[in-house]
Each structure stands twice: as structure tokens, then as C-alpha cells.
Amino acid sequence: MMPSGLSRVALRRLPAALLVLLLSMMRTSPVRAQDPITGFPGGIPNPATLPPEQARALLASRPDLAQQVRERIAASGMTPEQVRERLVAAGYPEDLLDPYMPGAESTGATVAPTTSTVDALRSLGVVSARGADSMLAKDSTAAIAKEIAQDSVQPKGLQVFGLEVFRRRTREFAPALAGPIDANYVLGPGDLLVLVLTGDVERSQSFEVNREGFILIPQVGQVQVGNLTLGQATDLLFTRLGRVYSGIGREPNARTRFQLSVGKIRAVQIYVSGDVARPGLYQVAGAGSVLSALYSAGGPTARGSFRKIEVRRGSELLGTVDLYDYLLRGINSTNLRVTSGDVVFVPPHGPQVKVTGEVLRPAIYELVPNETLRDLIATAGGFTDQALTTRVQINRVLPPAARGTGGRDRVVVDVSGDQLAQGTVPPYPMEAGDSVVIFPVTRRMRALVTVQGNVWLPGPIGFTPGMKLGDAIRLAGGPKPDVFLGDVLVTRLQPDSTRIQLRSALADSTGLPVNNFPLADDDEITVFSRSEFRSDRYIVITGAVRKPGRQPYSEGMTLRDAALLADGLREDAFLDYAEVARLPRNRESGQMASSIRVPLDSTYVFDRGANGKYLGPPGLPAAASGAPSFVLEPFDNVLIFEQPGWELQRVVALTGQVQFPGRYALVNRNQRLSDLIAQAGGLTKEAYPAGIQFYRRKDNEGRIGIDLPLVLADSGYYDNLILAGGDSIHIPEYNPVVRVSGAVNAPLAVTWAEGKNMDFYVASAGGYSRDADKGRAYVTQPSGKVESVHRRFLLPDGKPVPAAGATIFVPEKDKTKPSGNTLQILATAATIIASLTTIIIVAKQ
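A quick note: this is a predicted structure, and the numbers were derived from the prediction, not measured.

Trainee: How should the pairing of strand β6 (residues 256-264) be read in this particular structure?
Mentor: The side chains of a regular strand alternate, first on one face of the sheet and then on the other. As judged from the 8 bridges shared by strand β1 (residues 192-199) and β6, these two strands associate in the antiparallel manner. Counterpart to Val196 in the pairing with β6 is Gln259. Of the strand pairs in this sheet, strand β5 (residues 248-249) and β6 are connected by 2 bridges, and their pairing is parallel. In the sheet register, Ile248 faces β6, and the bridge partner there is Thr256.

Next up, the structure:
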């Protein structure tokens, strides 16, 4: 957006240099077509005549100008103070350009310039060719990607041939405005000619062709060179110069020789229209061709023609261009030279044919009249090495005149014959919409046998007549050392696709078969390994080890080896003995396992220092050494016992109003709450023991209600719990309030009043709400114990009396249960009372 300081008055008074800085980056060629970005006729107007409103709209339409102006100011070499001084000297606010100073926060989105904008930048010398290339890269790629997405006419999976050639990311293809050109170049206004005289006269002069096509040579006069080729202009100058300079000639021994060349080629404006990616007006070099204009416009779209591109000058058709010469053979065969005002028109494509399968360039191709299947296959690069050259299939949509009734408008044509058999494609006529399929050769291989299994080089082996089983095994590298000698299977395919099973055996591990019979084509040979028939053998170790689980069994494996593979024993391991459960030798009696006690010693503890001292926590004593080595058998189950009663310290957190709060380790398994408080020095004067908060993590039991005053008065009271590891105890300060929450009209905290029951505090909180379930209200005492209303028959209900720090909660009624009928309840109660009265009267009689 425009900076706030860039007012309308400032724009009107803005110096020409600053306007050029802001706007020259967006100048287009001086043509009257509407600029596609800014919407101004003829591109960006002259800065000197640009009204402030249009300047404001221009800056708003190109938010990237802010960043570009910032870069130009930074590149100028002026400090911010120098910029401000020049602004003040010119009568502008000194902070006018502060948003663009180095270090200022970037504003606006980054938008890449258009092609015409960058062409103008290059012509003005503001940026180099490579700078223009980088500025265009993002815009060109995004625009072409959008156009490719819109080119949806081609079938999925195939592209129109040649489409990607013009989808470029750079401008490196653009013809240079300087350099050698051929003698057929047609001169025109804007060309810079260089005349060099050597010999008796040594002179070099440059002449620009003016708008009328003339150059003015001193002592020679005005020479008309417009619309002449460079060669024709050279002949003309030879004649004209000969009148002035004697002895001038073209031969090497001439007294005066001359040379005419083009020092700078003029730029011309070319219109590109029709089915191209970006139709518009483009600037190309005067020596450029139709290809230059097409590259600038992104090339034809998928709807455009590649075979009949028209070049028009006014209403005259100068000629047509077939891009396939350039795309297929790299030949720019056209001699058409474009000049300013020429139009390159890309009409819709002609008949198209799809080629798929085994050709070098599967794609969609455009046909010209009289092109045949032979031409099409050649255009597609010919057959691949995998192509089936004896058959070509054409899927054809019949032309309207050949279509019948019943919906059979498609046919399949198979082209075959002697010509295809000899590798030559016949000149079969093609129709628009044809789809040509080149099939691959069959995948099935012949003249091979396959050796698989326990050999060094499994896989297919070339078959030769007379090959025997031993020959195939030898060519497969021979069997491995653990080969199973008992059987070698050979599966043979019969002509009716059934298979028969043949077998042999190996005499030894060298691979020599006992029955070395001849093989047939397609035989499959399987060599087995002894390990394939061996069950997965393992042992299991569990208990007080660091990595319990299954371990692969090895011959000679000992219990110590298993402990090592389990990353050693834990600190709590019992080192007197372990138990090994072994599969029984005889299961007739129903026995599932036999148990073996295996002695251990301290050497099974591997965590030791450099002096051999054990580094872990202490445990029960064990034998220093001497336990015999115990060899395991497959499927043994090893159990390393845990030391009885071994565990790390149990820690309890005691916080709040005690003399020494902290985390205490229990000294024995029977330590109680009163013992811990005594160990912490007792309660402080500010402690409120009735508000104790006792939480137990074990089994997620949560808060436990404790009557601490009674516990302190009588250590035998049942609330004096035995502590467990992880318990958390907090003794709060005295809190003389009662909180009322739930279904009351005004939930709040009420000052505690001694002896008052629950109804007093509910009334202080505005009373029960309409949805309150009075019968289920309860009180959580500060100790954590919960008390509820006690129902009494024919007597007032017992209401709990909250202590200081208690919480009253009134739940809402369960709306899912139907409400009772009060009248029905009263009638039932009256019936019961009447029945009781009758019984009493009868009893008294």
C-alpha cells in the first residue's frame, strides 16, 4: 500500500527522479494496448503526466513496489540522513521515505513483474538479462502452471507432443541484440550499422537506420538501406563508396577494403494470438524468428496447432510454420523474418492421434494431410527394443458418415502382415481421434531353468539341450554347507500346463546328484537347507533381570550367558539360587515341566567398579563365588527370584503447618500417621488439624477422610493409618468459612458459625434453587470425610453440622427420572395410616 506520508500533494510535487524510481520499474513498451496488470491504456503513463489518483491506484495495484523502492534506496549508497536532507531541500516532509529506509519493516506482498514489465526494465538498462530472468522465474512458472492445469483436453497420462518444450523457466532463449548475423538479415529502423574502412583509408563509423530507412554517411550522403538485406546493403555501399574512395574493392589486395556489419540489432514488437499460453504483444530482436515469439508467449496450448502456425502482416498471410521440423530434427526451416506489427497466430489443432505403448515418445501427435501410420510411428521415435513389431492395434472412432445404429461407433483395427514382420510399418491411412497401441513382447522367457533354495546364486539359468541336474546346480554356485542331502525337487511343466514332480538326492555337499537326470526347458529346481526343517529354538528368562524375554538358543549356552544377554541382574535379584523349568523327558504321567534349582553367586552381578566392588544398592548377602556352570537346553524357562522384602525407600510428603515439612522416608512397614507427625516435630500453633488433606496415590485411592484431632489424642484410633509410599499429607491453617456450591441461588463462602447445621449455610447462600435435590445434599468436612442428610421416620431429618473449612454441595435433580405424583403419594400414605389405626383398634378389643 502507499505510505501514509505519500499524499496527493506530495505526489503532484514529487521530483521526476523519484517518480521514475517508483514507476520506471513498471513501464511497458509504448503501445496503446491495455496493460493486463495495471489496466492503463498503453501501459504505464509518463511520470510527468501521471495524475495523483492514477499514481495511487498504480501503487495499490503493485504492492511489490515498496520493496523494490527500498532496494533502490539501499543501492544508491545514501545514508538515511542524506535522503532526509534532500527531501527537506525539495520541500517534502523528512519522513516521507522512512518506511523504505534500510531496516524499516517490510510492507506489502511480493509480486513478480510481468514479461512486458521486465522487457521495459531491460530496454531502460535498469536490470540485466539475468536479473530479468530471476524476476520472471516465479511469475512465469506460476502462470504456466495455471495454464497447464487448464489444458485438460489431452487424455490423462499423455501430453501433447511439444507442449513441454515451451514451458520454460528462463529467458536464456531470447536472441541477443548484438552479435554476428547472416547476409539475409533485412535491415530496418533502429539497426546500428558499423562501417569499417582499411588500407589507404583507416576509418570506422557507426550509423543508425532512421525511421525512413536511411543512413547518412559523410562525403557519401544519404543511403537507403531499409528493407534491404545485409548483403544487398553491402553491394549498394560498394557502389556508393567507390565514387568517393579510389581503389576500393573487396579482393584481399585492394588498396582500400571495407566491411559492413550490424553492431546492434533493432527490437521489434510482435503480436502473438490464438491458442497460446499467454497471448499478447512481445518484444523480440529484429533477427528473431517465429520461434522467438512463441517462446516468449509460452508456446501453443494443448488446444493449439503445432503444424500450421500462421504469420500475417496486415491482411496478408506471409506463410505457415510446422514446429515438428524444429521439435523432431532441430531444424528451423522457415526463412520468415518477423518485423514490427507482424502477427503470429496459432489456430486450433488439426487431427490428433494418440500413440501409446512401446514407442520412444508416447504422446498425442497432430497430423497433416496424407500422413500415415508409417509417418506417425517415425514421429514417435520408432519402436522400442521391447516392442512387438508384428502387430499394431488402432482403436478408431468412426467418422459420422460411417456410423450406424445401435451405438457401435468404435472399431478396433489390427495392422499386421509381411511388412510388419520385416520391421517396416505400412503406410496405413490414419483418422482423427485414432489411438495407436504398440504392444510389448511377451514376458515369458524360454530356454531357461530356475534353481532356487539353498544355493549360492539362486535364479534363472540358461538352458541348453542335454543339460543335467548337476550342471544346473553347479552353475547356481553349488549348495551351501548346511544343504539337506536327502531330497532335491524338480518341478516340470507339461505341454498342457500341468506339472509333474521329479526328485533326486545329493551324494555329498559338493552338489553331485545321486540321480543326475537330464533337464527340460522351464524346469524349477529346489535345493533345501537343514535349518529349514529345524524349529526355532530359544530360552526364556524372566524375573529380576533388566531385559526379560525370549533369547535365541545356542549349543552350550549357560545360565550365566542368558543373564548376560538379559543385560544383567537387577539390584533386587536373589543370588542364592534360580529356578529353571525344563520340558519333561516323558509326558505319559501328564507332567508339563520339571523344576531345577540352580545355585547362583555374587559373580552374576556384573555392575562392578575397577576394584571389583559391587556398585549397586545393598541387598541380602550371597556366596562370593563357586556356583557351578549350568548348561541350558532348548525351551528352558529361567526365573531369577527377587529378594524377599527388598525394595527402595518409601517416601511420604508432609507439607503445611508442621515444624519440619518435607519428604520423609518410612523407617519401617508399620509407621503410622501420628509417628510421622511426631518425626516432623509436631504441629505449629497455626495448624488446623481438623482440615488435614490426606491423599494416597496407591491404587488411585485419592483423598482419604482423617479425623486428625482424635488421632493425636489417641494413637490407637482407627484413623491413624499405616502410611504407604507416595502418600501426600497437608496440614492447613485455620479457615473459618464454609463454602456452599451446587444448586443454590447464590453459591458463595459463608462465615462459619459454631453449631449451625447445613440449612443455615444454604439459606445464607440464597436458599435452594428450583432444580435442587435437597435429599441428596452433603457436606465435605475439612478432614475429607463426607456427611449427608439422615432420613428419619416421623421425625425431623438429621442435618450435618459443617466444621470450619467444610464445603456444602447441593446436587441438581436427575431430570432423566420421572417426577413422582404428590397427590398419589399422599393418598397411599393415608391408606397406610388408616390400616394401622384399624389394626390398633382391633388389638385393643
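Trainee: Before we go on, may I ask you to explain the packing of aromatic side chains in this structure?
Mentor: In this description, a pair of aromatic rings is defined by centroid distance and the angle of the planes. Here the structure, examined in full by the defined rule, presents 15 aromatic pairs. Between Phe238 and Phe258 the ring centres are 6.2 Å apart and the planes differ by 20 degrees, which places this aromatic pair in the stacked class. You can see Phe238 sitting in helix α8 (residues 230-242) and its partner Phe258 sitting in strand β6, a full 20 residues away along the chain. Take Phe258: its relative accessible area is 12%, and that puts it in the buried class. With a centroid separation of 5.0 Å and an interplanar angle of 80 degrees, the aromatic rings of Phe760 and Tyr761 are classed as edge-to-face. The class for Tyr761 is buried, based on a relative accessible area of 0%. Here the aromatic residues Phe166, Tyr295, Phe306 and Tyr326 are joined through ring pairs into a cluster of three or more. One Lys or Arg, Arg550, reaches over the ring of Tyr538 and ends 3.7 Å from the middle of that ring. In this arrangement the basic side chain of Arg560 is found over the ring face of Tyr604, its NZ or CZ atom lying 5.7 Å from the centre.

Trainee: Whenever I open this one, the confidence of the model for the protein confuses me. Can you help?
Mentor: When pLDDT drops low, the exact placement of atoms in the prediction is not to be read closely. This prediction gives the protein a mean pLDDT of 81; 78% of its residues lie at or above 70. Residue range residues 1-61 is modelled with pLDDT below 50. Its contacts to residues more than four positions away, or to other chains, number 101 contacts. Low pLDDT, under 50, characterises residues 148-155; the stretch is placed with 17 contacts to residues that sit more than four places away or in other chains.

Trainee: I would appreciate a short explanation of the environment of Val343 in the present structure.
Mentor: Note that Val343 resides in strand β11 (residues 343-346). Beyond its immediate chain neighbours, meaning those up to four positions away, Val343 contacts Tyr271, Ser273, Glu310, Val311 and Arg312.

Trainee: What is the right way to read the nonpolar core from this model?
Mentor: As a rule of thumb, soluble globular proteins bury nonpolar side chains together. Counting 50 residues, the largest nonpolar core has Leu294, Leu323 and Val436 as its most contacted members. In terms of residue count, helix α9 (residues 290-296) provides more of this core than any other element does, 5 residues in total. Excluding residues within four positions of it along the chain, Leu294 makes contact with Phe166, Val276, Gly299, Ile309, Leu323, Val344 and Val346. Counting residues in each nonpolar core, the second largest holds 24 residues, with Tyr185, Val209, Tyr245 and Phe258 among its members.

What counts, and at which threshold
Residue positions are given per chain, counted from 1 along the sequence in the order it is written. Given that this is a predicted model, residues contribute local features only at a pLDDT of at least 70 and side-chain atom pairs are listed and counted only at 80 or more, while totals for whole chains, interfaces and linings are drawn from all residues. Heavy atoms throughout the structure, all of them, feed into the side-chain values; hydrogens and water do not. Strand pairing is assigned whenever DSSP detects at least two bridges linking the two strands. Strands here mean DSSP runs of E at least two residues long; helices mean DSSP runs of H or I at least four residues long; both are numbered from the N terminus. Ring geometry is summarised as follows: Phe, Tyr and Trp rings, the Trp one being its six-membered ring, pair when their centres sit within 6.5 Å, and such pairs are stacked at plane angles under 30 degrees, edge-to-face over 60 and tilted between the two. The buried label goes to any residue with under 20% of its type's maximum accessible area, the exposed label to any with over 50%, and the partly exposed label to all in between, with areas taken from a 1.4 Å probe on protein chains only. A ring is scored as having a charge over it whenever the NZ atom of a lysine or the CZ atom of an arginine sits within 6 Å of its centre and within 35 degrees of its normal. As a per-residue quantity, pLDDT reports the predictor's confidence and falls between 0 and 100. Any two residues whose heavy atoms approach within 4.5 Å are treated as being in contact. Residues belong to a common nonpolar core when they are buried Ala, Val, Leu, Ile, Met, Phe, Trp, Tyr or Cys residues joined through side-chain atoms within 4.5 Å.

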